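Here are the chains, one letter per residue:
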Amino acid sequence: MQYDSKAPIYLQVVNAIKADIVNGTLKCGDKLPSGRDLAMQYTINPNTSARVYQELEAQGACFTKRGMGTYVTEDTEMIKKFKEEMAEEALSVFLRSMKELGITTDESIEMVRSHPKI
Amino acid sequence: MLESIEVTKKFVGKTAVDSATFTLEPGHIYALLGPNGSGKTTWMKMVTGLIKPTSGYIMYDSKPIGIQSRKEIAYMATEPYFYDWMTIKDVGKYYEDFFEDFSLSRFNELISRMELSEKLKTKNLSSGMSAKLKVAVTMARNAKIYLLDEPLNGIDLIARDDVMKTMLESASPENILVISSHLVEELESVVDRAIFIKDSHFAGLFDLEELRQSEGMSIADKYREIFGHGGQINA
Amino acid sequence: MLNLLKYEFRKSGGIKAILLIITAVFQIVFMIGLFGDFEAPMAIGASSLMLIAWIGIGIIGIYSILTLHKDMNTKQGYMLFMIPKDSYRILGAKVIECGLSIWIMGAFFGALGLLDLSLLLKEFNEIDQIFDLLKMVIESVSELELNAGFAMTLVLFILTSWLFTVVNAYFAIVLSASFFNGKKFNWLISLAIFIAISLFISYIYNKLPIAEISAMKVSTNLLSIGFYLIPTVLLYFITAWIMDNKLSV
């Protein structure tokens, strides 16, 4: 994974994991890698990976079972909330960029509709 | 814990390190940054005991650096330094003979990961292979302090990822890794603190996520800020 | 300590192998001459063997000095100085390796010489008589007792004084690397110190009664060996101390 080194790395990893949870790559109740394994997987500092889990847990994306590890949340409502939040974020960025180019909201919607599917 | 207290080293006609005072704590990976000749290598060699300070002290776990501290401190020099009459296997045996924390099995694992054959003679190694051997032999030790001087030098882009993963594998809450490198951008995600050395002086110690969070600065940005026009980013 | 010795011996393995091969060649030449009754190869073989005996022991010492110089002044020295061993052990291993090599080489050539001499005597009985005559002559004009003990202790003395020279060179090299690093002509300064110490010790030795040739016997030879061991040991300790406290590689 390529990082924007001007922004906190732990947040970038948090978002990457949340995206995986939202799009189903990581399913409810899946066991997440240990802090050390996460560090290896993402080539990040172990302290950073500890912070990633701290943040994910604070946001309710995962939970820790004592002595067993960290697991993806089973709260589907929470996951739906993440999906909406992250979609909203992506949408804001998109609309802001279009506005900077002087393209109106209606024009933007038309462009999205006629855009070839990815 | 490693404390550098007013450490100074003067050579004939030059002061390599001037009153360097800072503390390194276990559980962190430090980047040691500064232009060529700023004193980074000299400082690392003083911690290893290869160079004796002109004045000042280096304390490891509250005891002055000495012969015994070499049992727990691993130094990887920039230049190739193996005996030219040895094979890679001999080098592993040598380290096993003299360092209690050296693991021959981990060494062999790293050697094969880096695609080096143990029958090769050190004098026949290319600079890239030599660089990888140095990393293998150093990281095969279970040290409390790793001082890596330009560990990515001479190593191709793909292998650099392996080297960084190898370094991460060894990092633990009980040890300290200090990485000196010109390839600042490649270290951004791996190190969590940075120490800057400017003109043989200590020029600051920073927590990197803190820097990103509060000032939106990367290590490279901070480097440019401190060293201005004189600083080099890529070797 | 054993490990240090192991590697010091390995460092000199190559040169010793070469010396051994050269010796073997000359020995074969000598024996061909002796048993085939060819005078020339016998003479060439014999004199070459005597030459290689002296040169060989000299080379061992010089090689040991060069190895130390390499350890002090090249990056390969890191191998030695990064390990958690103090300089007393590191230098001690070098001194022991050199000393043992010199003495063993000396013993080896001595034994070879005796072997060849007895072979010679068996072939040519006249030589036996010449030797007896020589011995009588020498013993009548001096107090020398020419026997095996005398010969062995004399050889041992020569080897010990060579070891002293090597350790003296170690001292000069370490001194140079520790205090004169980067200064111009530092090799000249350490050479001067080396020579000064050499001259000083032999000056003192020559003042002693045991140095008189006419007084040479087994007992005086042993005392001479003891005399030369003192500065050897002293220089070893001083050099090791400098290495531990003042040396930067």
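Parameters and conventions
- Residues numbered from 1 in each chain as written.
- Chains lettered and ligands numbered in written order.
- Predicted model: local features only at pLDDT ≥ 70, side-chain atom pairs only at ≥ 80, totals over all residues.
- Buried ≥ 20, exposed ≤ 12 C-beta atoms within 10 Å, placed from the backbone.
- Helix = DSSP H or I, 4+ residues; strand = E, 2+ residues; numbered from the N terminus.
- Pairing = 2+ DSSP bridges.
- Axes fitted to C-alpha atoms, helices over the stretch in contact; angles between N-to-C directions.
- Contact = placed C-beta atoms within 7 Å.
- Nonpolar A, V, L, I, M, F, W, Y, C, P; charged D, E, K, R; others polar.
- Core = buried A, V, L, I, M, F, W, Y, C linked by C-beta atoms within 7 Å.
- pLDDT = per-residue confidence, 0-100.
- Parallel < 35°, antiparallel > 145°, perpendicular 65-115°, else oblique.
- Left-handed = near helix turned anticlockwise from the far one by under 90°.

1. Section: the pairing of strand E9 (residues 193-198) of chain B
Residues and elements named next belong to chain B. Among the six residues that make up E9, five are buried, leaving the element largely enclosed by the rest of the structure. Bridge count for strand E3 (residues 28-33) against E9 is four bridges, and the pairing is parallel. Residue pairing for E9: Leu32 is matched across the bridge by Ile195. In this sheet, strand E10 (residues 201-207) lies alongside E9 in antiparallel orientation, the contact comprising five bridges. For Ala194, the partnering residue across the bridge sits in E10 and is Phe206. The turn joining E9 and E10, which pair antiparallel and follow one another in sequence, is formed by two residues; a positive phi near 50° is taken by Asp199.

2. Points about the sheet that holds E3 of chain B
All names here are of chain B. The sheet built from six strands is open, its strands ordered E6-E7-E8-E3-E9-E10 with mixed pairing. The open sheet has two edge strands with one neighbour each: strand E6 (73-76) and E10. Averaged over all pairs of adjacent strands, the angle between their axes in this sheet comes to 15°, without regard to strand direction. With respect to the sheet, helix H4 (residues 127-139) is in contact with E6 and strand E7 (145-149), its orientation differing from that of E6 by roughly 180°.

3. Re the interface of chain C and chain B
Between chain C and chain B, the residue contacts involve 16 residues of the former and 19 residues of the latter. Per-element accounting of the side of chain C that touches chain B gives the leading share, three residues, to helix H3 (residues 77-81) of chain C. Tallied by class, the residues present in the side of chain C that touches chain B amount to seven nonpolar, four polar and five charged.

4. Re the nonpolar core
A general tendency of soluble globular proteins is for nonpolar side chains to be buried together. Ranked by size, the top nonpolar core spans 138 residues in total, and within it Tyr30, Leu147, Leu177, Val178 and Ile179 of chain B carry the most contacts. Of all the elements, helix H6 (residues 148-179) of chain C adds the most residues to this core, at 13 residues. For Leu147 of chain B, the residues in contact, after removing those within four places along its chain, are Met44, Val47, Thr48, Ile73, Ala74, Tyr75, Met76 and Val178 of chain B.

5. Regarding the confidence of the model for chain B
Averaged over chain B, the pLDDT score is 91; the fraction of residues at 70 or greater is 97%. Model confidence for the complex: the whole-complex pTM is 0.87, and ipTM, which rates the interface, is 0.85.

6. So, the packing of helix H3 (residues 104-113) of chain B against H4 of chain B
All names here are of chain B. In contact at an axis separation of 8 Å, H3 and H4 are set at 155° when each is read in the N-to-C sense. The pairing of H3 with H4 is recorded here as roughly antiparallel in orientation. Judged by the twist between their axes, the crossing of H3 over H4 is right-handed. Counted together, Phe107, Leu110 and Ile111 of H3 and Ala136, Val137 and Met139 of H4 form the full contact between these two elements. A breakdown of the residues in the contact of H3 with H4 according to their chemical character gives six nonpolar, no polar and no charged.

7. Points about the interface of chain B and chain A
Size of an interface, as often reported, equals the accessible area lost when the parts are brought together. Counting from both sides, the interface comprises 24 residues of chain B and, opposite them, 15 residues of chain A. If one sorts the elements of the side of chain B that touches chain A by residue count, helix H5 (residues 157-170) of chain B sits on top with five residues. Taken together, the residues of the side of chain B that touches chain A break down into nine nonpolar, six polar and nine charged.

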